[in-house]
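Results of the structural survey
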Amino acid sequence: MNFTSPRRRFASAAVAGVALTGLLSACGGSGSDDDAASRSGPVTLPFWGWANGQEAVVKAFNAAHKDVQLKYTKVTDQLTMQKQLTNAVKAGNAPCLVQNTAEYVTSWVSQDALADITQYVEGEKSKFNTGAWAGAQVQGKLYGVPTSSAPQFTIYRTDIFKKYGLEPPATWDDFIAAGKVLKKHNIKITNYAGEDPSTLEVLAMQAGAHWYAIDGNAWKVDFQDEGTLKAAKVIQEIIDNDLNAKLSFADYAAVQRSYDSGATATRQISTWQMAGMVQNFTKSFGDWALAPWPAYKGEAARTPAGTNLTGSVTLVTKQCEDQEQAARAALWMSTNQDAVKTMASPETGNGVMPALADSDSYVGESISQKLLGENYAPAKKVVTDSLGTVTTDWTYGPNWTAMFTELQAGWAKVVNKQEKVTDLLAHMQEWTVEDLKSRGISVKG
């Protein structure tokens, strides 16, 4: 699946908008504008992000606003952002605005790091798609503004599939069968990076799993539900039959060469990941096409929310002195037509689909004609259709960051055949429950 890269995957969920009294340690508050009003000169808002195109958007914002200016700092990637923001919050000098993804919102709220900006942005709800709007909320309060969606699909090498008489896999059974054919010709059908357990996350999500849920006044944890075990079976069969490459994104160029050379024939990705392909390929332009995500046998199409409809958010921190200005700046970056186009393009931005309700018009901007060649026109429908089959009931828990780190360590063992997927799931069940208890959070599981 390879959702992690130097530009960490966009993740998403419908974070539970129910009463969570006692489940989170604190809630963000709203700041006062009195200090801002008393200061002379324009308000300066520090903004941290990592996505390509943001510097151009910041420049455009500053040119269009005299009273508010953004000061942009580029962070290496998503994981680095969490570490740097943790340090900044502890030191009391967090930036006003932070690029992040929906999977981390609950964790940051539980650490009392984010501002409740509901009063400043709730009137703009109709401009955004439902899933993206939910991803910026916890307990019905908004802590940021959605910036992107990430429709999911399969991208595959048409020349390789044609050469060996294969059709794009409609089901995971088809995917495994195609992988066995390609294996005979020393071609891997996918790549499982040992540091990237999002493969397990999104296949479980697609199968209807719920690792975290709200049960009364407690969190319910379940890493061994029917959906997760269904995903585990697919992944285990791929690994047991050696159908996957094991290239680490630590050598990003090597991963891209594997696709470009035809050593690996498919990826399950989103629009933003196509930018890396465009920027690194030299041989296979025009040989790629899009197809829907494989479905589980006997089930209707269902796109996982792991990199889906909600995607990225611009968060406002509680330490920001100018929270209203920060909220309105975040709104501008997510809704200004030129800013949205800049970020949507794989050439000028990150190839991300906007979080807007009417984002269909940006599909053409977010996929690469250079990469897809004659397959560009039909690819638009694949992208648009994927937005209508997205999972919207996935919830991220308050210790997601720590949990995902633990999951990474075990995933590496799974990829290297040192343990089974089911062994990892049993460990994560026990570990996550104990970790939540150690944080003083009510938990069942």
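A brief report on the enclosed structure follows. (Residues numbered from 1 in each chain as written. Predicted model: local features only at pLDDT ≥ 70, side-chain atom pairs only at ≥ 80, totals over all residues. Heavy atoms only, no water.)

1. Side note on the packing of helix α11 (residues 252-261) against helix α12 (residues 271-280)
As a reminder, the rule being used: A fitted line through C-alpha atoms serves as each axis, taken over the contacting stretch for helices, and the angle formed by two N-to-C directions is quoted from 0 to 180°. A run of DSSP states H or I qualifies as a helix once it reaches four residues; a run of E qualifies as a strand once it reaches two. Both are numbered from the N-terminal end. An angle below 35 degrees is read as roughly parallel, one above 145 as roughly antiparallel, one from 65 to 115 as roughly perpendicular, and any other as oblique. Any pair of residues with heavy atoms lying within 4.5 Å of one another is described as a contacting pair. Residues are grouped as follows: nonpolar covers Ala, Val, Leu, Ile, Met, Phe, Trp, Tyr, Cys and Pro; charged covers Asp, Glu, Lys and Arg; every other residue, Gly included, is treated as polar.
The N-to-C vectors of α11 and α12 enclose an angle of 80°; their axes lie 10 Å apart at closest approach. Comparing their axes, α12 and α11 come out roughly perpendicular. Side by side, α11 and α12 meet where Tyr 252, Gln 256 and Asp 260 of the first sit next to Gly 276, Met 277 and Asn 280 of the second. Residue composition of the contact of α11 with α12, grouped by class: two nonpolar, three polar and one charged.

2. Points about the state of the cysteines
Spelled out, the test is: By definition, disulfides here are pairs of cysteine sulfur atoms that lie within 2.5 Å. Partly exposed describes any residue whose relative accessible area lies between the buried limit of under 20% and the exposed limit of over 50%, with all areas from a 1.4 Å probe on protein chains only and scaled to the type maximum.
Counted under the stated rule, the structure contains one disulfide. A sulfur-sulfur separation of 2.2 Å characterises the disulfide bridge that pairs Cys 96 with Cys 320. Residues Cys 96 and Cys 320 are joined by a disulfide whose S-S torsion is about 85°; by sign, that bridge is right-handed. Remark: Cys 320 occurs in the loop between β15 (312-316) and α13 (323-335) and Cys 96 occurs in the loop between α3 (78-91) and β3 (97-101); sequence separation between them is 224 residues. Given the relative accessible area of 6%, Cys 96 is considered buried. In this structure Cys 320 comes out as buried when scored by relative accessible area, which is 4%.

3. Focus on the environment of Ala 339
Relative to the assigned elements, Ala 339 resides in helix α14 (residues 337-344). Separated by 285 residues in sequence, Ala 339 and Gln 54 place their C-alpha atoms 8.6 Å apart. The residues contacting Ala 339, other than those within four sequence positions of it, are Val 57, Trp 332 and Met 333.

4. Comments concerning the nonpolar core
What counts here: By convention a nonpolar core is built from buried Ala, Val, Leu, Ile, Met, Phe, Trp, Tyr and Cys residues, the set being connected through side-chain atoms within 4.5 Å. For each domain, the first and last residues come from an automatic or database assignment.
Grouped together as the largest cluster of nonpolar side chains are 111 residues, with contacts concentrated most on Leu 45, Leu 97 and Trp 211. Of the residues that make up this core, three or more belong to each of domain 1 (43-150 + 310-366) and domain 2 (153-306 + 392-439). If we skip the residues at most four places from it in the chain, Trp 211 touches Leu 200, Glu 201, Ala 204, Lys 220, Val 221, Asp 222, Phe 223, Thr 228, Trp 394, Trp 400, Met 403 and Leu 407. Counting 24 residues, the second-largest nonpolar core is a separate cluster that includes Tyr 259, Met 274, Leu 290 and Met 353.

5. Focus: the packing of aromatic side chains
Cut-off, in case you're wondering: For this analysis, a ring pair means two rings from Phe, Tyr or Trp (six-membered ring only for Trp) whose centres lie within 6.5 Å, classed as stacked if their planes differ by under 30 degrees, edge-to-face if by over 60, and tilted for the remaining angles. When the NZ atom of lysine or the CZ atom of arginine is within 6 Å of a ring's centre and also within 35 degrees of its normal, the charge is said to sit over that ring.
Using the criterion set out here, one finds 21 aromatic pairs in the structure. In this structure, Lys 230 packs its charged tip against the face of Tyr 296, placed 5.5 Å from the ring centre. Positioned over the ring face of Phe 285 is Lys 370, at 4.5 Å from the centre of the ring.

6. Some thoughts on the pattern of salt bridges
A pair can form between side chains of opposite charge whenever their charged atoms are brought close. Quick reminder of the rule: What counts as a salt bridge is simple: a side-chain nitrogen of Lys or Arg found within 4 Å of a carboxyl oxygen of Asp or Glu.
By the definition in use, this model includes 11 salt bridges. With a shortest N-O distance of 2.8 Å, Lys 127 and Glu 124 are connected by a salt bridge. The partner of Lys 444 in a salt bridge is Asp 215, with the nearest N and O atoms 3.5 Å apart. With Lys 444 in strand β17 (residues 443-444) and Asp 215 in strand β10 (residues 212-215), this residue pair connects regions lying 229 residues apart in the sequence. The partly exposed category is assigned to Asp 215, whose relative accessible area is 32%.

7. Some thoughts on the side chain of Gln 206
Among the secondary structure elements, Gln 206 is positioned in helix α9 (residues 198-206). For Gln 206, a relative accessible area of 2% gives the class buried.

8. Some thoughts on the sheet that holds strand β1 (residues 43-49)
Selection criterion: Being paired, for any two strands, means DSSP has found at least two bridges between them.
Judged by pairing direction, the sheet is mixed, and its five strands sit side by side in the order β2-β1-β3-β15-β6 without closing on themselves. Looking at the sheet topology across the chains shown, the edges are occupied by β2 (68-74) and β6 (144-146). The mean angle between the axes of side-by-side strands here comes to 25°, regardless of whether they run parallel or antiparallel. Here three bridges tie β6 to β15, and the two strands are oriented antiparallel to one another. Considered in β15, the bridge of Pro 146 is made with Val 313. Packing against the sheet, helix α2 (residues 54-64) makes contact with β1, β2 and β3, and its axis sits at approximately 165° to β2.

9. A short note on α9
Taking burial as the measure, the nine residues of α9 include nine buried ones, the bulk of the element. Buried residues along α9 sit in contact with α8 (172-183), α10 (226-240), α18 (400-415) and α19 (421-438).

10. Details of the sheet that holds β10
Taken in spatial order, the three strands line up as β10-β11-β17 in an open sheet, and their pairing is mixed. Since the sheet does not close on itself, it has two edges, and those belong to β10 and β17, each with one partner. Note: strand β11 (residues 218-221) against β17, two bridges, orientation parallel. What sits directly across from Trp 219, in β17, is Val 443. Packing of α19 onto the sheet brings it into contact with β10, β11 and β17, and relative to β11 it is tilted by some 165°.

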